[in-house]
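Take a look at the letters that make up each chain.
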Amino acid sequence: AAAPMAAAAAAYDGVTTDVRHRRAQLMNEVFNAVVDSGVFPANVIYEQVDWYFNHYRFDEHYFHRFSADEIAQHVRLFIAARKLALAQGTPDDIFLEAPTRTGMFYIVSSDWRAINRVESLIEEQISRLG
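The paragraphs below set out a description of the structure included in this document. Because the structure is predicted, anything quoted here is derived from the model rather than measured.

Considerations on the nonpolar core
Inference 1: If you look at the biggest cluster of nonpolar residues, it comprises 28 residues, and the most contacted ones within it are Val 30, Tyr 52, Phe 53, Ile 71 and Val 75.
Inference 2: With 8 residues, the single largest contributor to this core is helix α5 (residues 68-87).
Inference 3: With residues near it in sequence (within four places) discarded, Val 30 still touches Val 49, Phe 53, Ala 68, Ile 71, Ala 72 and Val 75.

Here we look at the pattern of salt bridges
Inference 1: Here the structure, examined in full by the defined rule, presents 4 salt bridges.
Inference 2: Of the charged contacts in the structure, one is a salt bridge between Arg 22 and Glu 60, with a shortest N-O distance of 4.0 Å. With a gap of 38 residues between them, Arg 22 in helix α2 (residues 17-37) and Glu 60 in helix α4 (residues 60-65) connect regions that are remote in the sequence.
Inference 3: When its relative accessible area of 37% is taken as the criterion, Arg 22 is described as partly exposed.
Inference 4: Close ionic contact of Glu 124 with Arg 128 constitutes a salt bridge, the shortest N to O distance being 3.5 Å. Here the residue Glu 124 and the residue Arg 128 both occupy positions in helix α6 (residues 112-129), the gap between them amounting to 4 residues, near one helical turn.

Some thoughts on the pairing of strand β2 (residues 104-108)
Inference 1: Pairing between strand β1 (residues 95-99) and β2: 5 bridges, direction antiparallel. Across the sheet, Pro 99 pairs through a bridge with Met 104, a residue of β2.
Inference 2: Here β1 folds back onto β2 in antiparallel fashion, the turn holding 4 residues.

Quick notes on α5
Inference 1: Taking 1.5 Å of rise per residue, 20 residues should cover 28 Å, and α5 covers 28 Å from first to last C-alpha, within 8% of that figure.
Inference 2: By the burial criterion, the buried members of α5 are Ala 68, Glu 70, Ile 71, Ala 72, His 74, Val 75, Arg 76, Phe 78, Ile 79, Ala 81 and Ala 85.
Inference 3: Residues of α5 that are buried in the fold lie against α2, α3 (42-54), α4, β1 and β2.
Inference 4: Looking at the residues trailing α5, positive phi occurs at Gly 89, about 80°.

Some words on the packing of aromatic side chains
Inference 1: Taken as a whole and judged by the stated rule, the model has 14 aromatic pairs.
Inference 2: Site record: aromatic cluster; members linked through ring pairs are Trp 51, Tyr 52, Phe 53, Tyr 56, Phe 58, Tyr 62, Phe 63, Phe 66, Phe 78 and Phe 105.
Inference 3: Cation over ring: Arg 65 sits above Phe 66, and NZ or CZ is 4.8 Å from the ring centre.
Inference 4: Above the ring of Phe 95, the side-chain terminus of Arg 117 is found at 3.7 Å from the ring centroid.

What counts and what doesn't
Residues numbered from 1 in each chain as written. Predicted model: local features only at pLDDT ≥ 70, side-chain atom pairs only at ≥ 80, totals over all residues. Heavy atoms only, no water. Core = buried A, V, L, I, M, F, W, Y, C linked by side-chain atoms within 4.5 Å. Buried < 20%, exposed > 50% of the residue type's maximum accessible area, 1.4 Å probe, protein only. Helix = DSSP H or I, 4+ residues; strand = E, 2+ residues; numbered from the N terminus. Contact = heavy atoms within 4.5 Å. Salt bridge = Lys/Arg side-chain N within 4 Å of Asp/Glu carboxyl O. Pairing = 2+ DSSP bridges. Expected span 1.5 Å × (residues − 1). Phe/Tyr/Trp six-rings, centres within 6.5 Å; stacked < 30°, edge-to-face > 60°. Lys NZ or Arg CZ within 6 Å of the ring centre and 35° of its normal.

Structure representation (structure tokens):
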């Protein structure tokens, strides 16, 4: 089967060939996992996976920390959060809080209020542990 995300990964500049190859492979695994879930159309998934990997500027550690299946879950949740924000008439107000096998996963708008909200939630979680 063709690698649908190869062109998108090739556009990722500033990295070595090995990293680019690993990124393209991971993008394809994530793309296929999200498509296999049957929740969103392939064209939406393609666009969002491209943006998720190439434009949102996640630290490279993120792509090493999480498996393709975990990142696929994050992408599904992110697409849903974007759709919800759009449906509510606030397309730039994204707030995603999702439990994972090791804790919580957050994606929020770069607005300082959203960031402060997440930081408060994290501090609450930490205080419960101690």
